[in-house]
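Each chain, letter by letter, is given below.
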Amino acid sequence: MALYIGVMSGTSLDGLDIALIEQTANTCKLIGSHYMPMPSSLRRSLLELCSAGDNELERAALAEQDWVRLAAQGIGQLIKEAQLSNQHIRAIGSHGQTVRHSPSDGYTIQIGNPALLAELTGIDVVADFRRRDVAAGGQGAPLVPAFHSAIFAHQQKERAILNIGGFTNITLLSPGRPIEGFDCGPGNVLMDTWINEHKGEPYDRLGAWAASGSISSSLLGAFLSDPFFAKQGPKSTGRELFNLSWLKQKLLPFPELPEADVQATLVELTALSVSDALKLAQPKCTEVFICGGGAHNEFLLKRLSAHLPDTYVTTTETLGVSPDWVEAMAFAWLAHCFIERIPGNCPDVTAAKGVRVLGALYPA
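Source: prediction; values computed, not measured.

**A few points about the UniProt feature "binding site: ATP" (unreviewed entry) in the chain**
Okay, so step 1: Sites flagged by UniProt as "binding site: ATP" (unreviewed entry) map to Gly10, Thr11, Ser12, Leu13, Asp14, Gly15, Leu16 and Asp17.
Okay, so step 2: Relative to the elements of secondary structure, Gly10 occurs in the loop between β1 (2-9) and β2 (15-23).
Okay, so step 3: For Thr11, the position within the fold is in the loop between β1 and β2.
Okay, so step 4: Apart from the residues lying within four places of it in its own chain, the contact partners of Thr11 are Gly166, Phe167 and Arg239.

Encoded structure:
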């Protein structure tokens, strides 16, 4: 038995999820968690790094130091709350913060200065999980399907695990078949951007604003005309494609559309892109379990259920794992895999040439 910590900062840029797991040869158990809200100044700096700008190298170096200090503070608080010491933790799995993702060009960039994190915590750090998969010809994303299979697979049932963060990715688990999965498209990213633009809110709590609007079939068609949605997996995406500029471009033919209707249609875009992809890739799926921040969007879950009437749609809470901590747990588990030299990618998901041990070690 060993203890690992996972640190995950996703494309929503709302904060850092930090999970403490107890890992044995066959089981992974969440035994502690901590959330560190993202300071607005750091969020702004990281968001600016997602697109080209002046003096990027220096700004990235300074931003990742702030990110690491926030992570180290949260890790220290989690260890204290668990009544442990740093010496009890075998390793930290740090995802870092993605600022660019372009596997078609052979790169993906997550900043997070793991050397500094090891220095501040006194704990071994495993980081840089995505680039080995990209080096092997893969998308570098999603990386969570292997973990989803390890803790959620069923011996008889076909099920899907849907992670709704800034973007959506889905894992397809079928007995006797290789793990499959891919990014479906935007999750919360456009909804969060739109409500922040018009109401100054970081996100649409429970999907209430979207639920007050009406879905525009014309606007939905414009959204779905993007070539990304016609592609089959393996595929991945990010802010490089789906961002405020993309949204405003799609809205140009609809200048009079009420803002709440736009929000409702963005929810429908997420729900329909997921359900269409699932029906095509796993037509016999009987269960969908949702994790990530989108699991709290009641209107989104309602729309997903409407598009999947013969499928049981719920959250991973039903399986005994809080939807808020699944991804942070996954990177703690990937640290364990690195330490034990267990491959952490799924070639059928990322299109890598083969299985690879993911990550790089920064000793304390």
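From this point, the discussion proceeds with the structure in view.
**Considering the nonpolar core**
Okay, so step 1: Counting residues in hydrophobic clusters, the biggest one holds 45 residues, and the most contacted among them are Ile170, Val288 and Ile290.
Okay, so step 2: Top element by residues in this core is helix α10 (residues 259-281). It accounts for 11 residues.
Okay, so step 3: Excluding residues within four positions of it along the chain, Val288 makes contact with Ala160, Leu162, Leu278, Leu308, Thr311, Tyr312, Val313 and Thr314.
Okay, so step 4: Listed in part, the 34 residues of the second largest apolar core include Ala19, Phe129, Met329 and Val349.

**What about the sheet that holds strand β7 (residues 159-164)?**
Okay, so step 1: Strand order in the open sheet formed by 5 strands is β9-β8-β7-β10-β11, with mixed pairing between adjacent strands. Only two strands of the sheet have a single partner each, and these edge strands are β9 (180-186) and β11 (312-315). Strand after strand, the sheet turns through a mean of 20° between neighbouring axes, direction not considered.
Okay, so step 2: Pairing of strand β10 (residues 287-291) with β11, which is carried by 4 bridges, proceeds in the parallel orientation. Among the inter-strand pairings, Val288 is bridged to a residue of β11, identified as Val313.
Okay, so step 3: Each of β7, β8 (167-173), β9 and β10 is contacted by α10, which is oriented at about 155° to β9, the strand it contacts most.
Okay, so step 4: The sheet strands contacting helix α11 (residues 298-307) are β7, β10 and β11, and the helix crosses β7 at an angle near 150°.

**Section: the packing of aromatic side chains**
Okay, so step 1: All chains considered together, the criterion is met by 8 aromatic pairs.
Okay, so step 2: Arranged with centres 5.7 Å apart and planes meeting at 85°, the rings of Phe228 and Phe242 form a pair that is edge-to-face. Here Phe228 is found in the loop between α8 (217-224) and α9 (244-251), whereas its partner Phe242 is found in the loop between α8 and α9, with 14 residues between them in sequence.
Okay, so step 3: Since its relative accessible area comes to 5%, Phe228 is described here as buried.
Okay, so step 4: Each ring, one from Phe242 and one from Trp246, has its centre 5.0 Å from the other, and the planes form 75°; the classification is edge-to-face.
Okay, so step 5: What makes Phe242 buried here is its relative accessible area of 0%.
Okay, so step 6: Relative accessible area serves as the criterion here: at 9%, Trp246 is assigned to the buried category.
Okay, so step 7: Through successive ring pairs, a cluster of aromatic residues spans Phe223, Phe228, Phe229, Phe242 and Trp246.
Okay, so step 8: The side chain of Lys235 reaches across the aromatic face of Phe228, ending 4.2 Å from its centre.
Okay, so step 9: Over the ring of Phe338 we find Arg341; its NZ or CZ atom is 4.5 Å from the centre of that ring.

**Observations concerning the packing of α8 against α10**
Okay, so step 1: Between α8 and α10, the least distance of the axes is 10 Å, while the angle of their chain directions is 50°. As the angle between them shows, α8 and α10 are arranged oblique. In terms of crossing hand, the pair formed by α8 and α10 is right-handed. Between α8, through Leu219, Leu220, Phe223 and Leu224, and α10, the contact on the second element is made entirely by Val262, Thr265, Leu266, Glu268, Leu269 and Leu272.
Okay, so step 2: Grouping the constituent residues of the contact of α8 with α10 by class yields 8 nonpolar, 1 polar and 1 charged.

**Focus: unusual backbone geometry**
Peptide bonds are, in most cases, trans, and in most cases residues other than glycine have a negative phi.
Okay, so step 1: With an omega of -10°, the peptide bond running from Ala141 to Pro142 counts as cis.
Okay, so step 2: If you trace the backbone, Pro142 turns up in the loop between α4 (130-135) and α5 (145-152).
Okay, so step 3: Here the bond from Gly233 into Pro234 is cis, since omega is 5°, no more than 30 degrees from zero.
Okay, so step 4: Here the phi dihedral of Leu13 falls at roughly 60°; this positive angle occurs in a residue that is not glycine.
Okay, so step 5: Note that Leu13 resides in the loop between β1 and β2.
Okay, so step 6: If you check the backbone angles, Ala351 has positive phi at about 75° while not being a glycine.
Okay, so step 7: Assignment of secondary structure puts Ala351 in the loop between α13 (347-350) and β12 (360-362).

Cut-offs used in this document
- Residues numbered from 1 in each chain as written.
- Predicted model: local features only at pLDDT ≥ 70, side-chain atom pairs only at ≥ 80, totals over all residues.
- Heavy atoms only, no water.
- UniProt positions renumbered as here; feature names shortened; annotations may be inferred.
- Helix = DSSP H or I, 4+ residues; strand = E, 2+ residues; numbered from the N terminus.
- Contact = heavy atoms within 4.5 Å.
- Core = buried A, V, L, I, M, F, W, Y, C linked by side-chain atoms within 4.5 Å.
- Buried < 20%, exposed > 50% of the residue type's maximum accessible area, 1.4 Å probe, protein only.
- Pairing = 2+ DSSP bridges.
- Axes fitted to C-alpha atoms, helices over the stretch in contact; angles between N-to-C directions.
- Phe/Tyr/Trp six-rings, centres within 6.5 Å; stacked < 30°, edge-to-face > 60°.
- Lys NZ or Arg CZ within 6 Å of the ring centre and 35° of its normal.
- Parallel < 35°, antiparallel > 145°, perpendicular 65-115°, else oblique.
- Left-handed = near helix turned anticlockwise from the far one by under 90°.
- Nonpolar A, V, L, I, M, F, W, Y, C, P; charged D, E, K, R; others polar.

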